Amino acid sequence: MLDAAQAGETALLIAPTGGGKTLAGFLPSLVELFDRPQTGIHTLYVSPLKALGTDVARNLTAPVSEMALAVTVETRSGDTSQTRRARQKEHPPNILLTTPESLALLLSQTAAPDTFRDLRCIVVDEVHALAGTKRGDQLALCLARLATLAPAARRVGLSATVAYKDAIMAYIGCGGPVRLVEVPEGEPPQLEIRLSEDRVPWSGRMGLASAAVILDRIRAAGMTIVFVNTRAQGELLFQALWKLNEETLPIALHHGSLDIAQRRRVEAAMSRGDLRAVVATSSLDLGIDWGGVDQVIQVGAPKGVSRLLQRVGRSNHRMDVASRAILVPANRFEVLECEAAVQGVAARELDGDPPRPGGLDVLAQHILLMAAADPFLPDDLFAEITRAGPYSDLTRATFEDVLSFVEDGGYALAAYDRYRKLFRDAEGRVEIRSDRIARLARMNIGTIVEMPLLKVRLAGQRGGSLGELEESFATMLTPGDTFMFAGRLLRFQRIRETTVECLEGGKGEPMVPAYAGGKYPLTSNLAARVRAMLHDPASWSVFPGQVRDWLALQQERSTLPGPDDLLVEVFPRNGRWYTVAYCFEGRNAHQTLGMLLTRRMERAGLAPLGFVATDYVIAVWSANEPGDTATLFQEDMLGDDLEAWMAESSMLRRTFRNVAVIAGLVDRQQPGADRTRRQVTVNTDLIYDVLRRHQPDHILLRATRADAATGLTDVGRLAAMLARVQGKVRTVRLSRVSPLAVPVLLDIGREFVRNEEDEDALLAETEALVAEAKGEAEPSQEPMRVHPVHRANLAIMTRRDRRREAPPVAWSALNQSSRRP
């Protein structure tokens, strides 16, 4: 590693988790500082997590102190005190550990050229977690700026899991050559799958049925990290473990919504070895060196091989000791996914999406910050920006459009003085208009925009709200859609500022769960493995007996999905027709597909009533039987249908708000007071309407459409699936529900069981569906029972049905948070 990247060169070091790659990245710096001591910043370390920087600083300070090196090591993040920041400005440390946001702030200062004049090394840790994100776009622009300020500085990218090596090398390289350094694999990880002793659950995502199994494995080990996929799941599992924890083993909880002081206490207790287990989300995913972790337990399917490897590597953080992990699937489909993930790890088949082009809103923020630092010539800044990997294909015309927006807001907004932030001098240099604009730009640095909750109110009525909905769900609604909330059947009217306005009652069946809990979609590679395993009975020997019987019964009663086709089942139940498609493209893509399918079915006179989407399957129910199902899945649905739906829904409006905040059109923070979410929303809604009417090709509208296509809608993946299955749609018409469709039908109105009565009802419903699938009972004619739902994981929605009123349904939404008993 010492000669991997000489002065001005770049290296990408890929080392297995536990290979000491982070400290290896500092070895050349320590040697140089020992041979040639200097003042000022010699080495800059950037990581996606503040906690990771703190941990690396602790691990680096110890050997520096033991060797009595005259080297100073400090961190800089949003948590750094003003006193320390002022001291660092006067006396910068030799090694500075920071985050993309803090680096952007340092580069926006007029003193940036002096601050980084003696910079000799840049280390970017966990580079795979940054590339392809807006934070990564911001960092890439900062790296390009540093290449201008300190051209002799070498760059070192560090990662344990890189699926797209060429793309990551381009990201870290700033337009220059990159040397790839790959460390040989250490001991292969030891993986096993564990399930509850009693039964394999048909559906559900929390994995609470296996709490006793998880606690047994915690007892048998020294220190365990129990990874979950969502914060709500973490809260529920933590509570379930404590109910069984009669020995009061020290078990903690760690996720991003907790107070920072509490997270730091948990991290310190882990470092001291005071804990037996920590239930954590992705907040502990990355390379924090918890050397005392004996095992990792992944509750719920990992959703990707790379993600699983990253989490598995948190245990036995040494190359000569195998990492140990236990996978605990929450339902039968997750058993398939976990087995596919284990095979993917054995084959070292890394996955994930390749980095996308850089965001134009991030570029706008960067241009303003560079003007705050020093005047620039557009030619020079364009050349610098296009050295950044995500912006290497940026055209001059698009750059000029973004610069024009930052300068005066663009054609539609140029008349308003508040949007005029830059001017050009007689020589064509771009300068910032005032110190106040520069201060505001620095105060609003960053690309993370919090996803808010929206209040639900009855239109025309005074008084308090009924509660709050996640905005990601509310923006999917179009006027007339009905949903259940707080025990009421409501009809959506509109989103006004930060409020969802509704009326009582409505038409249609009020049930289409839209889970916000599934943060990570199933990766394409893992989905392909699952489809291949389903199609090959010879591979079923690794599954539990109950799962093998389930698949064999599906083969007998219907058929199984193929590796490249699309299986669609159509059957009657409860007086309606169900169309179930086994797409395996992830919940986001399925959610979009459901919206488009219901529009298409409505035009065809099928009277769609609703749909439910999981990571594996989408089920749509309608009043009339579908005919030629292949026509429903034609690629042209991504044309006019998609445009019409996105125009009707509030998705583009809300996506525009995030883009406008990042681009600096609206300032979230101002001296003396922060803007409320309501103020930000009102401003961006007004601007959105103005731009759509007067400048529809505005650069922020283009950025908004690009974000919507790659975010919640996952249009790219949906388009690939539709192209793959053209001419390969296999429709099977059945007289009753198939065994493979049982889990998705149970997901309709089922996620959280509060008491024994609810559990008994759910078990009875499961038994009825299974008996029906086996042919041991006639198809049910009774409406499906509705179960209480945990608010953080489930919201429900239907398409309109103008032909009949839906009967009122009792509904209970649990709003209380999980707490330790």
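Residues numbered from 1 in each chain as written. Predicted model: local features only at pLDDT ≥ 70, side-chain atom pairs only at ≥ 80, totals over all residues. Heavy atoms only, no water.

Draft legend 1. The overall build of the protein chain, seen in detail. A tally of regular secondary structure across the protein chain gives 29 helices and 29 strands. Within the protein chain, the proportion of its 821 residues that are buried is 59%. Surface accessibility of the protein chain: about 32,200 Å² in total, with carbon and sulfur atoms responsible for 49%. (Helix = DSSP H or I, 4+ residues; strand = E, 2+ residues; numbered from the N terminus. Buried < 20%, exposed > 50% of the residue type's maximum accessible area, 1.4 Å probe, protein only. Areas by Shrake-Rupley, 256 points an atom, 1.4 Å probe, with all protein chains shown as cover.)

Draft legend 2. Main features of the pairing of strand S2 (residues 43-46). A two-sided burial pattern is seen for S2, the buried positions comprising Thr43 and Tyr45 on one face and Leu44 and Val46 on the other. Alignment of S2 against strand S4 (residues 95-98), held across four bridges, turns out to be parallel. Bridged to Thr43 within S4 is Ile95. In this sheet, strand S5 (residues 121-124) lies alongside S2 in parallel orientation, the contact comprising four bridges. Paired with Thr43 across the bridge in S5 is Cys121. (Pairing = 2+ DSSP bridges.)

Draft legend 3. Spatial organisation of the sheet that holds strand S23 (residues 608-613). The mixed open sheet is built from five strands, whose spatial order is S23-S24-S22-S21-S27. For this open sheet the edge positions go to S23 and strand S27 (729-733), each flanked by a neighbour on one side alone. Here the strands of the sheet are splayed against their neighbours by 20 degrees on average, with no regard to which way each runs. With five bridges joining them, strand S21 (residues 566-573) and S27 adopt parallel strand pairing. Directly across from Glu569, in S27, lies its bridge partner Val732. Here helix H22 (residues 587-603) sits on the sheet and contacts strand S22 (576-582), S23 and strand S24 (618-622); the angle it forms with S23, its principal contact strand, is near 170 degrees. (Axes fitted to C-alpha atoms, helices over the stretch in contact; angles between N-to-C directions. Contact = heavy atoms within 4.5 Å.)

Draft legend 4. Representation of H22 in the model. For H22, with 17 residues, the first-to-last C-alpha span of 24 Å sits near the 24 Å given by 1.5 Å per residue. Within H22, 15 of the 17 residues are buried, leaving the element largely enclosed by the surrounding structure. Residue Gly605 follows H22 closely and has a positive phi angle near 80 degrees. (Expected span 1.5 Å × (residues − 1).)

Draft legend 5. Structural view of helix H9 (residues 165-173). The set of residues buried in H9 consists of Ile168, Met169, Tyr171, Ile172 and Gly173. Lining the buried residues of H9 we find strand S1 (10-14), S5, helix H7 (127-130), helix H8 (134-149), strand S6 (154-159) and strand S7 (178-182). A positive phi of about 50 degrees marks Cys174, the residue just after H9.

Draft legend 6. View of the side chain of Thr614. Among the secondary structure elements, Thr614 is positioned in the loop between S23 and S24. One polar contact links the side chain of Thr614 to the main-chain amide nitrogen of Tyr616, over a distance of 3.1 Å. With residues up to four places along the chain from it excluded, the contact list for Thr614 reads Arg205, Gly586, Arg587, His590, Val744 and Asp747. (Polar contact = N/O pair within 3.5 Å; in protein donor to acceptor, adjacent residues only side chain to side chain.)

Draft legend 7. Representation of the packing of aromatic side chains in the model. Here the structure, examined in full by the defined rule, presents twelve aromatic pairs. When the ring of Phe238 is compared with that of Trp242, the centres are 6.3 Å apart and the planes differ by 80 degrees; the resulting orientation is edge-to-face. In this pair, Phe238 and Trp242 are both assigned in helix H11 (residues 231-244), four residues apart and thus about one turn of the helix distant. Neither residue differs from the other here; Phe238 and Trp242 are each classed as buried. Each member of the aromatic cluster is reached from another via a ring pair, and the members are Trp202, Phe333, Trp550, Phe584 and Tyr616. One residue, Arg332, lies across the ring of Trp202, its end atom 3.8 Å from the ring centre. Over the ring of Phe382 we find Arg396, and its NZ or CZ is 5.1 Å from the ring centre. (Phe/Tyr/Trp six-rings, centres within 6.5 Å; stacked < 30°, edge-to-face > 60°. Lys NZ or Arg CZ within 6 Å of the ring centre and 35° of its normal.)

Draft legend 8. Local environment of the pairing of strand S10 (residues 251-254). Alternating residues of S10 divide into Ile251 and Leu253 and Ala252 and His254, and every residue in both groups is buried. Where S10 meets strand S11 (residues 277-280), four bridges bridge the pair, whose relative direction is parallel. Bridge pairing in S11 links Leu253 to Val279.

Draft legend 9. Local environment of the side chain of Gln365. Along the chain, Gln365 turns up in helix H15 (residues 360-373). Setting aside anything within four residues of it in sequence, one finds Gln365 in contact with Gln138, Asn444, Ile445, Gly446, Ile662 and Ala663.

Draft legend 10. Representation of the sheet that holds strand S13 (residues 324-328) within the structure. Strand order in the open sheet made by the six strands is S8-S13-S12-S9-S11-S10, with parallel pairing throughout. Every interior strand has two partners, whereas the edge strands, strand S8 (190-193) and S10, have only one. Sheet twist, expressed as the average angle between the axes of neighbouring strands with direction ignored, equals 20 degrees. Of the strands in this sheet, S8, strand S9 (224-227), strand S12 (295-299) and S13 touch helix H13 (residues 305-312), which is tilted by about 145 degrees from S12.

Draft legend 11. Region of the structure containing the pattern of salt bridges. This structure, assessed with the given rule, holds 33 salt bridges. The residue Asp689 makes a salt bridge to Arg653 at a minimum N-O spacing of 3.0 Å. Within this pair, whereas Asp689 is found in helix H25 (residues 677-694), its partner Arg653 is found in helix H24 (residues 651-663), the two being separated by 36 residues in sequence. Relative accessible area serves as the criterion here: at 27%, Asp689 is assigned to the partly exposed category. Sharing partners across several salt bridges, the network here consists of Arg531, Glu585, Arg717 and Arg724. (Salt bridge = Lys/Arg side-chain N within 4 Å of Asp/Glu carboxyl O.)

Draft legend 12. Just the packing of helix H16 (residues 378-385) against helix H17 (residues 396-408), in detail. Following both chains from N to C, one finds H16 and H17 inclined at 115 degrees, their axes separated by 11 Å at the closest point. Viewed along their axes, H16 and H17 form a crossing whose handedness is right-handed. The segment H16 lies against H17, with Pro378, Asp379, Leu381, Phe382 and Ile385 engaging Arg396, Phe399, Glu400 and Leu403. For the contact of H16 with H17, the class distribution of residues is six nonpolar, no polar and three charged. (Left-handed = near helix turned anticlockwise from the far one by under 90°. Nonpolar A, V, L, I, M, F, W, Y, C, P; charged D, E, K, R; others polar.)

Draft legend 13. A look at unusual backbone geometry. One non-glycine residue, Thr248, lies in positive phi territory at about 50 degrees. As for its position among the elements, Thr248 is in the loop between H11 and S10. Residues other than glycine seldom take positive phi values, yet Asn574 does so here, at roughly 55 degrees. Structurally, Asn574 is set in the loop between S21 and S22. Looking at Asn574, the relative accessible area reads 9%, which means it is buried.

Draft legend 14. Representation of the nonpolar core. Among the nonpolar cores identified, the biggest contains 112 residues, and Ile367 and Leu665 are the most heavily contacted of them. With ten residues, the single largest contributor to this core is H15. Setting aside residues no more than four positions away along its own chain, Ile367 makes contact with Phe376, Leu381, Ile385, Phe399, Val402, Leu403, Val406 and Leu422. Ala252, Ala340, Val547 and Val737 belong to the second largest nonpolar core, which has 64 residues in total. (Core = buried A, V, L, I, M, F, W, Y, C linked by side-chain atoms within 4.5 Å.)

Draft legend 15. View of the packing of H15 against H24. Axis separation between H15 and H24 bottoms out at 7 Å; the angle between their running directions is 20 degrees. Between H15 and H24, the angle is such that the two are roughly parallel. Counted together, Asp361, Val362, Ala364 and Gln365 of H15 and Val659, Ile662 and Ala663 of H24 form the full contact between these two elements. Taken together, the residues of the contact of H15 with H24 break down into five nonpolar, one polar and one charged. (Parallel < 35°, antiparallel > 145°, perpendicular 65-115°, else oblique.)

Draft legend 16. Spotlight on the environment of Val71. Residue placement: Val71 occurs in the loop between helix H3 (50-66) and strand S3 (73-76). Linking Val71 and Asn94, residues 23 residues apart in sequence, is a C-alpha distance of 6.1 Å. Ignoring any residue separated from it by four or fewer positions in sequence, one finds Val71 in contact with Leu33, Val64, Asn94 and Ile95.

Draft legend 17. Spatial organisation of the confidence of the model for the protein chain. In the predicted model, the protein chain carries a mean pLDDT of 80, and the fraction of residues at 70 or more is 80%. Taken as a whole, residues 510-518 scores under 50 in pLDDT and shows 54 contacts with residues more than four places along the chain or in a different chain. Predicted confidence for residues 784-821 stays below pLDDT 50, and this span has 136 contacts to residues more than four positions away or in other chains. (pLDDT = per-residue confidence, 0-100.)

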